[in-house]
Amino acid sequence: MKIFTLVVCATLVLGIAVPVYSGEKEDLLFEDIPIVFAAGKFEQKSTEAAASVVVISAEEIKMFGYNTLEEVLRKVVGLYVTNDRNYSYLGVRGYYIPGDYSSRILISINGLTANDEIFGTGTIGRELGINMDSIKRIEIIKGPGSALYGTHALFCVINIVTKDGEDINGIKFTGQYGDPSLTEGRLSFGKKFKNDLDIFISGSFFDYVGDDLYFEEFDTPENNNGIFEDANWEEAYDFFSKISYKDFSLQGGFNMRDTGIPTSAWGTVFNNDGSKTSDGFDFLEFKYNPKIKETSSLLFRLYHRYYIYDGHFMFEYEDGGGGYYIEDNVDWSRNEWSGLEFQYSWVMSEKNHLIMGTEYQNYNKIHQKNYDAGLLGPDYFWVYLNEDHSMSIWSLYMQDIFKIQKNTSIILGGRLDDYSSFGETVNPRLGIIYSPEIITLKLLYGSAFRAPTYFELYYHDGYYTIEPNPDLENETLTTYEFVLEKEFKNNINASLSFYQISLENLISQVVTEDISPDSGEFLLQNQNVGEATVQGTELIVRGRVKSFRWKVGGNFQKSEDKISGDELPNSPQISGNFSLIIPLFNEKLFCNLDSEYIGKRLTTIPDIYLDPYYRADLILFTDKLVPNMEFTVKVNNLLDTEYSDVCSTEFVQTSIPQDGQRFLLKVAYKF
């Protein structure tokens, strides 16, 4: 692997010395003004959107060899990923508290929300179930989005726009191999017929077996000298399809992802490979989107979703006779819901565009269980939790875009959400956009909320350590932001943002005065006790020199607990990204660098910090050497950087070590 790294670096140096093609070519990788849907629930230029917007194109996904949404988001300025070797979680602009299930971001697939209502998870790993070959673009809308989307859209909305059949126009097979043991296969079919029928179908499987892991916190003879064996693995499969005909479309899919837990999280037995989690979902959505006139259109959506989660955790119990036995404690969750949305879009004049909509969601199953499986017989089976609930949400939203002058617009909107469980909440947004020829100024205000998840409301372990709190209230967020976007000469553009975020009623787990009847210890409970502020600046500069492409950016922020004044954990004050595309041999081969820098982060233990790190990936890509074939050679963590991620208090460890240098080879063939 070290030799391979030297060879690739030598190729990079050679490529810089080779003259590049200097002719004009459409810039697919760094579009000047990308189109975005999620910012306003209709397609518009990103400069016209009342938000700070980043769009990742299919070309960029291909050039950098991205395989998951997590990999994409790692390289977006202002975002950072934390991985505890069970799930990956997303931090935005300096805010991600360890233990949260990314429930303060909203993920959608073609506008359909993917977050569940038990954990509220904004999934970014393979459990999302959408492979990268299926994606046309990824829209990242930073800032509060509750004025259009409701709960979970506190820090950002991420909308995945999938490909249509005409984008493939054939069959495409992709195979991938990597070390230490990674295999993946994807198959896609797409075609648009003469009668306007468009069909896209895609499926994939993934299998990974990683290295055994060492944790110094468990380095004792009885714990295998700190080495956790045979638990660093992951398996996944997914299927997705989209069919459209004129004004009608139908999309659906399903997936399942299983992974081992090689960390002894939650006090599970160290070096026992039985602990694992399984996540899966399926969905089906029908959409009707006709134009009534040239100036107005309707949108009607009807959808159904189902989410399952199974966690198996191997705990050691006393047997009452001075000995111990191992039991499989099972966390079991099922969430089923349906919904419909009706939206009316009306361009009233050249100066006024009005959008109005209403949405109804019915969660007929929100079911959680926790029980011991009874590995040693029926006498050992024990149920700790069995909570089954239902809920409905009715929503009404509106957005009006009014041009007060040729280059100046005011965006005013808001959303009312009425929960059957706790009542109403209203969240407004306001944007003022001034956009002459080469500059755009945005002044933005918005509020957002996160309803407490059913895990936070009702989860307990038989009142042994945790008790429920059905009286939790919404978390709330208020954001003020100023955005400056400017086009410079020599094909350079830049975006500068200043933001201030205030969070209140944050849900945190605290020690109560209630005593467990079994353990005799004080019980934990989720309560609305947290407040926080985040202030920061974000800068992104991108450009091209002849056929070279480059992008650099940084996020500089300060976050603190408003009550104590302390710094928030896992909140890097400085983070940055740098990407470079170098064409070689008259653009027949591309040598690409994709990197991130994360500054020091406070752990969950006061005054204990993780060191900053720089992590770079190197990618060689070509689709010109062999007709209809693509080759990608990728080295993840090129410099073999040693780094760790902050973990929650459910771990003995204060941080979880991440992977070193890894090699991937991907081949795609279209026929």
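Right above here is the structure, for reference.
So, here's what we can say about the structure. (Residues numbered from 1 in each chain as written. Predicted model: local features only at pLDDT ≥ 70, side-chain atom pairs only at ≥ 80, totals over all residues. Heavy atoms only, no water.)

**A look at the sheet that holds strand β7 (residues 112–113)**
(1) Moving on: A sheet is described by the order of its strands in space; here five strands give the open sequence β3-β8-β9-β6-β7, paired in mixed fashion. With one partner strand each, in any of the chains shown, β3 (52–57) and β7 form the two edges of the open sheet. (Pairing = 2+ DSSP bridges. Helix = DSSP H or I, 4+ residues; strand = E, 2+ residues; numbered from the N terminus.)

**Describing the layout of surface pockets**
Empty space among the atoms can be located by rolling a probe the size of a water molecule over them.
(1) Moving on: Put simply, the second largest pocket is a space of about 1300 Å³.
(2) Moving on: Along the wall of the second largest pocket there are 42 residues; nearest its centre are Phe-37, Glu-43, Lys-287, Asn-289 and Leu-299.
(3) Moving on: Among the secondary structure elements, those contributing two or more residues to the lining of the second largest pocket are β8 (135–142), β9 (156–162), β15 (233–245), β16 (248–260), β17 (276–288), β18 (291–293), β19 (296–318) and β20 (324–349).
(4) Moving on: Counted by class, the lining of the second largest pocket contains nine nonpolar, 14 polar and 19 charged residues. (1 Å grid on protein atoms, 1.4 Å probe; cavity = no way out; pocket = protein on both sides within 12 Å on 5 of 7 lines; lining within 4 Å. Points joined across faces, edges and corners; volume = space filled by probe spheres on them. Nonpolar A, V, L, I, M, F, W, Y, C, P; charged D, E, K, R; others polar.)

**Let's talk about empty space enclosed by the protein**
(1) Moving on: The tally for this structure, following the rule as stated, stands at eleven cavities of 30 Å³ or more.
(2) Moving on: Counted as a void, the largest cavity has a volume near 810 Å³.
(3) Moving on: Lining the largest cavity are 40 residues; nearest its centre among them are Glu-70, Glu-71, Asn-83, Glu-234 and Asp-659.
(4) Moving on: Mapped onto the lining of the largest cavity, the elements with two or more residues apiece are α3 (69–74), β12 (197–209), β15, β16, β34 (613–622), β35 (629–636) and β38 (662–670).
(5) Moving on: Classifying every residue of the lining of the largest cavity gives eleven nonpolar, 14 polar and 15 charged.
(6) Moving on: For the second largest cavity, the calculated volume is near 230 Å³.
(7) Moving on: Lining the second largest cavity are 22 residues; nearest its centre among them are Thr-113, Tyr-149, Glu-359, Gln-361 and Tyr-363.
(8) Moving on: When contributions to the lining of the second largest cavity are tallied by element, the ones reaching two or more residues are β7, β19, β21 (352–373) and β23 (408–419).
(9) Moving on: Of the residues contributing to the lining of the second largest cavity, the split by class is eight nonpolar, seven polar and seven charged.

**Re a nonpolar patch on the surface**
(1) Moving on: Where nonpolar side chains cluster on the molecular surface, the patch consists of Ile-243, Tyr-245, Phe-248, Leu-250, Leu-284, Phe-286, Tyr-288, Leu-302, Leu-340, Tyr-360, Trp-394 and Leu-396 and spans about 1000 Å² of accessible area.
(2) Moving on: Of all the secondary-structure elements, those providing two or more residues to the nonpolar patch are β15, β16, β17 and β22 (381–405).
(3) Moving on: On the basis of relative accessibility, which here comes to 32%, the residue Phe-286 falls in the partly exposed class. (Patch = residues over 30% accessible without salt bridge, like charges linked within 9 Å, V, L, I, M, F, W, Y side chains within 5 Å. Areas by Shrake-Rupley, 256 points an atom, 1.4 Å probe, with all protein chains shown as cover. Salt bridge = Lys/Arg side-chain N within 4 Å of Asp/Glu carboxyl O. Buried < 20%, exposed > 50% of the residue type's maximum accessible area, 1.4 Å probe, protein only.)

**Notes on the environment of Glu-327**
(1) Moving on: Mapped onto the fold, Glu-327 is located in strand β20.
(2) Moving on: On the basis of relative accessible area, Glu-327 is assigned to the buried category, the value being 0%.
(3) Moving on: Between the C-alpha atoms of Glu-327 and Gly-536, which are 209 residues apart in sequence, the distance is 47 Å.
(4) Moving on: Non-local contacts of Glu-327, meaning those with residues more than four positions away in its chain, are made with Phe-313, Met-314, Phe-315, Tyr-317, Asp-372, Ala-373, Gly-374, Leu-375 and Tyr-380. (Contact = heavy atoms within 4.5 Å.)

**A word on the pairing of β15**
(1) Moving on: Here 13 bridges tie β12 to β15, and the two strands are oriented antiparallel to one another. Note that in β15 the partner of Phe-206 across the bridge is Ala-236.
(2) Moving on: Pairing of β15 with β16 involves twelve bridges; the strand directions are antiparallel. When the sheet's bridge partners are listed, Lys-242 is paired in β16 with Gln-251.

**Topic: the nonpolar core**
(1) Moving on: Core analysis: the largest hydrophobic core is formed by 90 residues, its most contacted members being Leu-69, Leu-90, Ile-138, Ile-140, Phe-155, Ile-158 and Leu-503.
(2) Moving on: Here this core gets six residues from one element, more than from any other, and that element is β19.
(3) Moving on: In contact with Ile-138, not counting residues within four places along its chain, are Val-54, Val-55, Ile-56, Ile-61, Leu-69, Val-72, Ile-158 and Asn-159.
(4) Moving on: Counting residues in hydrophobic clusters, the runner-up holds 22 residues, among them Val-36, Leu-106, Leu-148 and Ile-411. (Core = buried A, V, L, I, M, F, W, Y, C linked by side-chain atoms within 4.5 Å.)

**Considerations on the pattern of salt bridges**
(1) Moving on: Scanning the model with the defined rule gives 45 salt bridges in all.
(2) Moving on: In this structure, Arg-601 engages Asp-645 in a salt bridge whose closest nitrogen and oxygen atoms are separated by 3.3 Å. Of this pair, Arg-601 sits in strand β32 (residues 601–602) while Asp-645 is found in strand β36 (residues 644–646), placing the two residues 44 residues apart along the sequence. Each member of the pair, Arg-601 as well as Asp-645, carries the same accessibility label: buried.
(3) Moving on: Ionic contacts of the salt-bridge type, sharing partners, join the residues Lys-41, Glu-285, Arg-301, Glu-341, Glu-359, Arg-415 and Asp-417 into one network.

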